[in-house]
Amino acid sequence: MVKGRYFFVGGLIVIIGVVLAVTVFPSEEKRVKKRFRLLSEWVSKRPEENPITMLQKMKDIGTLFLEPSELKAPNDSLSGSYTRQEISAYAGSARSHFSQLDLKLYDLNVAFPEKEVAQVTLTARLIGKFKTGEQVDEIHELDCLMKKVDKKWFFSQIEVIEVLKK
Amino acid sequence: MFLIRVCLVSLFAYFFFGYLCIPFTIQGTSMEPTYPNGGVNFCWRLRYLLSEPKRHDVVAVRFAGSQVMLLKRVVAREGEQVEFREGKLFVDGREVVESYVRFPCNWNLASRRVEKDSVYVVGDNRSMPIENHHFGQASRIRVMGGPLW
């Protein structure tokens, strides 16, 4: 009976240790995914968002990117290289047209082709409502290149993959 | 014995519904009236295991994974020339009768050849302007399967 209790307590300590280790020292994949969660959170907009939150989110979005970062989109004039300020300004301007915006990310596949470089493919769905009342529902596959600088992951390149080519 | 049965059934259900017969909800009107918005169906992954998608087949086209897919109809296969004239589909210069298209359509699209290992997919609902409809050629490897019904 006493032996059984020792096993139980021992097992509990091991489980707590593993949970703590995973929480306190997350894997690189989790760190990368966390950056995507932040991007999704900061791009999304609630109808009641106040101007201060809007400005803060606009600034925060820029901090996720390396300077400069590249955007590649097929047949799109947005393709090019951008500084953090330009990204923040563009994100702010784009968000201001919406009364509600929700960025949902699916099927994140993270690979590490080189040291301190991560390649992430995912499906991004943008659902929103323009201030004019028009609905938006856009889905794209994205191929993102991320680089680790000072123990933090930053977006270096985002490419929009053309799934259906007209 | 009961626990073993429960485990086996759970394992079977996980693999069957997770990889072979994936349940999905239709969101959007691009396949109406054949597949209405809000309908529920399953993507049967083995449909094209031993065969290739044929013209008029309805297929599920994946993005980065299986969580989001497009439900579309194959209208042309690799090497074929596809075009729209006043809403009518032409493949290799011949008009194709499409009984599943019920809404009026006035699309015009210049002729283009479907690339190797690709299929040309379009939705059944073509009542919207052509620029608002998600269609085009998809790589064969993106075709995940077809709806169960």
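Overview of the structure. (Residues numbered from 1 in each chain as written. Chains lettered and ligands numbered in written order. Predicted model: local features only at pLDDT ≥ 70, side-chain atom pairs only at ≥ 80, totals over all residues.)

Right, let's talk about the overall build of chain B for a bit. Each helix and strand in chain B was counted, giving 1 helix and 11 strands. Counted from the first residue to the last, chain B has its helices and strands arranged as α-β-β-β-β-β-β-β-β-β-β-β. For chain B, the spread of C-alpha atoms along the three principal axes comes to 65 × 30 × 25 Å. Of all intrachain contacts in chain B linking residues separated by at least 6 positions in sequence, the fraction that spans at least 24 positions is 53%. (Helix = DSSP H or I, 4+ residues; strand = E, 2+ residues; numbered from the N terminus. Contact = placed C-beta atoms within 7 Å.)

Another aspect to go through is the sheet that holds strand S3 (residues 98-114) of chain A. All names here are of chain A. The strand order across the open sheet formed by 6 strands is S2-S1-S6-S5-S4-S3, and the pairing between neighbours is mixed. The open sheet is flanked by strand S2 (80-82) and S3, the only strands paired with a single partner. Taken pair by pair, the neighbouring strands of this sheet meet at an average axis angle of 25 degrees, ignoring direction. With 3 bridges connecting them, strand S1 (residues 65-72) and S2 associate as antiparallel partners. Following the sheet pairing, Leu 71 is matched in S2 by Gly 80. Contacts from helix H4 (residues 84-96) reach S1, S2 and S3, with the element oriented near 60 degrees to S1. (Pairing = 2+ DSSP bridges. Axes fitted to C-alpha atoms, helices over the stretch in contact; angles between N-to-C directions.)

The next subject is the environment of Gly 136 of chain B. Structurally, the position occupied by Gly 136 of chain B is in strand S10 (residues 136-139). Gly 136 of chain B gets classed as buried once you count the C-beta atoms within 10 Å, which come to 20. Separated by 22 residues in the primary sequence, Gly 136 of chain B and Val 114 of chain B have C-alpha atoms spaced 9.1 Å apart. Each residue touching Gly 136 of chain B, except ones within four places of it in the same chain, is listed here: Leu 164, Lys 165 and Lys 166 of chain A. (Buried ≥ 20, exposed ≤ 12 C-beta atoms within 10 Å, placed from the backbone.)

What follows covers helix H2 (residues 28-43) of chain A. Residues and elements named next belong to chain A. Its 16 residues place the ends of H2 23 Å apart at the C-alpha level, agreeing with the 22 Å of an ideal helix rising 1.5 Å per residue. If you check which residues of H2 are buried, you get Val 32, Phe 36, Leu 39 and Trp 42. For H2, the arc enclosing every buried residue in end-on projection is 130 degrees, short of the 170-degree limit, so these residues lie on one face. For H2, the exposed residues set more than 90 degrees away from the buried face come down to Lys 34, Arg 37 and Glu 41. Summarising the contacts, the buried residues of H2 are in contact with helix H3 (51-63), S3, strand S4 (117-130), strand S5 (135-149) and strand S6 (152-161). (Expected span 1.5 Å × (residues − 1). Arc of directions from axis to C-beta.)

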